[in-house]
Amino acid sequence: MAYLELDRVAKQFGTQTVVDDFSLSVGKGEFISFLGPSGCGKTTTLQMIAGFLDPTRGAIRLEGKDLTAIHPAKRGLGIVFQSYALFPHMTAAENVAFGLEMRGVPRGERAERVRAALAMVGLAGYEDRHPRRMSGGQQQRVALARALVIKPSVLLLDEPLSNLDAKLREEMQIELRQIQRTIGTTTILVTHDQNEAMSLSDRIVVMSQGKIEQIGTPQETYEKPASAFVSQFLGKTNDFAATIDRTVSPTQLVAGSWRAPAPAGLSGPVTVSVRPERIGFDDAGLTAKIVTRIFQGNHWLFQCESECGPAIVIRQNDGQAQPGEGEAVHLTWRPEDMSVRARAGA
Amino acid sequence: MSAAAEERSARAPWALTAPALMLFVGVLLIPLAMTVMLSFHDWGQYKGIEPVFILKNWHEIATDPYYAEMFWRTFRIAILTTLLTALLGAPEAYILNRMSGRWKSFFLLVILGPLLISVVARTLGWALLFGGNNGLVNKLLMSLGAIRSPLPFMFTETGMVIALAHVMMPFMVLSVWAALQRLDPQIENAAMSLGAGPATIIRRIVMPQIMPGVLSGAIIVFSLSASAFATPAIIGGRRLKVAATLAYDEFLNTLNWPLGAAVATLLLVALVLIVVGSNALIERRYAEVFR
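No experiment lies behind these values; they were computed from the predicted model shown.

A closer look at the UniProt feature "domain: ABC transporter" (unreviewed entry) in chain A
Piece 1. Here the UniProt-annotated "domain: ABC transporter" (unreviewed entry) positions come out as residues 4-234 of chain A.
Piece 2. Between the end C-alpha atoms of residues 4-234 of chain A there is a gap of 26 Å, over a span that is 36% helix and 26% strand.

A closer look at the nonpolar core
Across soluble globular proteins, nonpolar side chains have a tendency to be buried as a group.
Piece 1. Counting 70 residues, the largest nonpolar core has Val96, Leu118, Ala145, Leu156 and Ile188 of chain A as its most contacted members.
Piece 2. With residues up to four places along the chain from it excluded, the contact list for Val96 of chain A reads Val114, Ala117, Leu118, Val142, Ala145, Arg146 and Val149 of chain A.
Piece 3. In terms of nonpolar packing, the next biggest core, distinct from the first, is built from 48 residues, Trp126, Met154, Phe222 and Leu246 of chain B among them.

Quick notes on the environment of Ser193 of chain B
Piece 1. Tracing the backbone shows Ser193 of chain B in helix H8 (residues 187-193).
Piece 2. Ser193 of chain B gets classed as buried once you count the C-beta atoms within 10 Å, which come to 28.

As for the sheet that holds strand S11 (residues 238-245) of chain A
All names here are of chain A.
Piece 1. Sheet architecture is open: 5 strands sit in the order S13-S12-S11-S14-S20, paired in antiparallel fashion. Edge strands, defined here as strands with exactly one partner in the open sheet, are strand S13 (258-261) and strand S20 (338-342). Between one strand and the next, the sheet's axes are offset by a mean angle of 30°, whatever the strand orientation.
Piece 2. As defined by bridge partners, strand S12 (residues 252-255) adjoins S13 across 4 bridges and the pair is classed as antiparallel. Bridge pairing links Gln252 to Pro261 in S13.

A word on the interface of chain B and chain A
Frequently, the measure chosen for interface size is the accessible area removed from exposure when the parts meet.
Piece 1. Every contact between the two is made by 17 residues of chain B and, on the other side, 19 residues of chain A.
Piece 2. Looking at the side of chain B that touches chain A, the elements that each hand over two or more residues are H8, helix H9 (198-226) and helix H13 (287-290) of chain B.
Piece 3. Top contributing element to the side of chain B that touches chain A by residue count: H8 of chain B, with 5 residues.
Piece 4. Its residues placed into classes, the side of chain B that touches chain A shows 8 nonpolar, 6 polar and 3 charged.

Some points on the environment of Leu112 of chain B
Residue and element names in this part refer to chain B.
Piece 1. Mapped onto the elements of the fold, Leu112 is located in helix H4 (residues 101-112).
Piece 2. By C-beta crowding, Leu112 is classed as partly exposed, having 13 other C-beta atoms within 10 Å.
Piece 3. Sequence separation of Leu112 and Met169 is 57 residues, and the distance between their C-alpha atoms is 8.9 Å.

What about the UniProt feature "domain: ABC transmembrane type-1" (unreviewed entry) in chain B?
Piece 1. Those residues carrying the UniProt feature "domain: ABC transmembrane type-1" (unreviewed entry) are residues 71-278 of chain B in this numbering.
Piece 2. Span residues 71-278 of chain B is 78% helix and 0% strand, its end C-alpha atoms 19 Å apart.

Quick word on the domain arrangement of chain A
Piece 1. Taken domain by domain, chain A holds domain 1 (4-232) and domain 2 (236-342).
Piece 2. Between domain 1 of chain A and domain 2 of chain A, the contact holds 5 residues from the first and 6 residues from the second.

Looking at unusual backbone geometry
Residue and element names in this part refer to chain A.
Piece 1. Residue Ala85 is not a glycine yet carries a positive backbone phi of 50°.
Piece 2. With respect to the element layout, Ala85 can be found in the loop between strand S6 (78-80) and helix H2 (92-102).
Piece 3. Even without being glycine, Glu159 reaches a positive phi, approximately 45°.
Piece 4. Looking at the element boundaries, Glu159 is found in the loop between strand S7 (154-158) and helix H5 (166-183).

Quick notes on the UniProt feature "transmembrane region" (unreviewed entry) in chain B
Residues and elements named next belong to chain B.
Piece 1. Per the UniProt record, "transmembrane region" (unreviewed entry) is annotated on residues 12-34, 75-94, 106-129, 160-180, 213-235 and 255-282.
Piece 2. The span residues 12-34 carries 100% helix and 0% strand; its end-to-end C-alpha distance comes to 31 Å.
Piece 3. Strand forms 0% of residues 160-180 and helix 100%; the C-alpha atoms that close the span are 29 Å apart.

Focus: the pairing of strand S3 (residues 31-35) of chain A
Residues and elements named next belong to chain A.
Piece 1. In terms of burial, S3 is largely enclosed, as 5 of its 5 residues are buried.
Piece 2. Here S3 shows no split at all, with Phe31, Ser33 and Leu35 on one side and Ile32 and Phe34 on the other all buried.
Piece 3. Note: S3 against strand S8 (residues 186-191), 5 bridges, orientation parallel. Within S8, the position partnered with Phe31 by the bridge is Thr187.

Things to note about the packing of helix H2 (residues 56-63) of chain B against helix H12 (residues 257-285) of chain B
Residue and element names in this part refer to chain B.
Piece 1. Packing of H2 against H12 leaves a shortest axis separation of 9 Å and a crossing angle of 60°. Considering the angle they form, H2 stands oblique to H12. The way H2 lies across H12 gives a crossing that is right-handed. Where H2 approaches H12, its residues Asn57, Trp58, Glu60 and Ile61 are matched on the opposing element by Pro258, Leu259, Ala262, Val263 and Leu266.
Piece 2. Residues that form the contact of H2 with H12 fall into these classes: 7 nonpolar, 1 polar and 1 charged.

Some remarks on the sheet that holds strand S5 (residues 65-66) of chain A
Residues and elements named next belong to chain A.
Piece 1. Across the sheet, which stays open at both edges, the 4 strands sit in the order S2-S1-S4-S5 with antiparallel pairing between neighbours. At either end of the open sheet lies a strand with only one pairing partner, and these are strand S2 (16-26) and S5.
Piece 2. Where strand S1 (residues 4-13) lies against S2, 7 bridges are found, and the strand directions are antiparallel. What sits directly across from Phe13, in S2, is Gln16.

What counts and what doesn't
- Residues numbered from 1 in each chain as written.
- Chains lettered and ligands numbered in written order.
- Predicted model: local features only at pLDDT ≥ 70, side-chain atom pairs only at ≥ 80, totals over all residues.
- UniProt positions renumbered as here; feature names shortened; annotations may be inferred.
- Helix = DSSP H or I, 4+ residues; strand = E, 2+ residues; numbered from the N terminus.
- Core = buried A, V, L, I, M, F, W, Y, C linked by C-beta atoms within 7 Å.
- Buried ≥ 20, exposed ≤ 12 C-beta atoms within 10 Å, placed from the backbone.
- Contact = placed C-beta atoms within 7 Å.
- Pairing = 2+ DSSP bridges.
- Axes fitted to C-alpha atoms, helices over the stretch in contact; angles between N-to-C directions.
- Nonpolar A, V, L, I, M, F, W, Y, C, P; charged D, E, K, R; others polar.
- Domains from an automatic or database assignment.
- Parallel < 35°, antiparallel > 145°, perpendicular 65-115°, else oblique.
- Left-handed = near helix turned anticlockwise from the far one by under 90°.

What follows is the structure in structure tokens.
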């Protein structure tokens, strides 16, 4: 049975629907990311779980119990806010202890748990610091310790890493994942950063304009995007206009001068999506010309002008000679590396 | 940079601030120094002011219990006014801050509006409402039979405190309002998610953070109330004198300028000591919140 369940949840502000028909089952101990551009409703959904907003329709259940009937203060969820929302007039230890104090945990046990929580996030010895005298990364850790020390049934993270610089963000991602694995708390992360979502989560919920575009493992959403939005939002992708020709036998998928056996179920105009790292140069295939060639250390990035429109190709820097700018090339890929969708509006 | 250019750029700030500095020295520092000097001069009914150095005025203030009582009244009124504005102004600012956009700007205008009206007009308004048998509220309450004699308001300390609190309220509300703007908008949600109820959130999370605002508002209100003139003059009249109205009377009615100067100087010194002292205390106590 699902641990946390969102059942056709919707939120309207006036006439504007911000979240619509959101259904999701989260297993115990799972790490889920809500991924999407700003304004896609991911934070609104998180706030409905937290109880800061009431859903207009639908139900949210935790272990089968209706969560929306419980006051936010009684839900027992741990939340890390984008701004951390630490209490500036309290020390790190007092911040972490606050939730335990509210639960009436006796002083001795409280001190012990606060110390353990701060040690877990690598802040042993910082007990008496005030938040304003800590770096962004340290404040972030205090916020995490404060949310985890109450042993929350679900940990909600609202863009917790977006205020950190790139290097620190990467470190915190790894640490966050390790901590979550160790204590096994069911976690929901809201983010607009696809790398963050992919490296942290068991499953990703890709959202756009208040609707779920796709739910799947990071690999599924990357390799088998359910929509054009997903394929474009998760990493770079090439979309080629192609047609499926059923007049020949066996039926063929034709994209310029590249062709392959057609997949079942589709016919007529289609869109073919191929990731740039799956495209290779060959003697035959989609005719293209290299416009720019950029060296990026471990790989080369080619921007090409193909007969089906612009294309990006990424090649590993494996020591082989690579074609130069202005050279005519043929692009090719394995049929299993592409995803094919019916072309909208055609 | 050449030596000459360096010298020029070192002089530039002085040159640029000179006009304001001259104004400051001319209309504030010199008169102030003259007032202090004046307080050591002699005065007599028939001889007028004599520019000699004596401690007569200061001795009179120190020994005559009339002055002690008057200064005590001045600070009692200022303290009560400060308490009243803090008690009403802090919740007012908090409620205002939680209102939605349109109502917020409307009520902010309502709070700030009185600042656009002269203090004299505002205080006379209180006099119209509560002034003896002819006060509107008194008349109404008496005709309704709620009270038998008019509520004492004019020439009472209570009346002065209420009228002063009304005049000073915007300063407290604005000061607390500014402190509330620094509050993390998610901080109450954070406390709530940790299990805190509304009362606990106010007491443990919001109050400690807006306390510096309340205290700096209190300093403003206290110093303005202790040196207020118009409101005590109208409500208190001749019967209930405070430091400012006494200095005024000495200057303009008795014409004993040196004594008036001594009262004014003492008020200024006392206020500066209180304000600077409490400011230092507050800054030390709330170092973490101010940072």
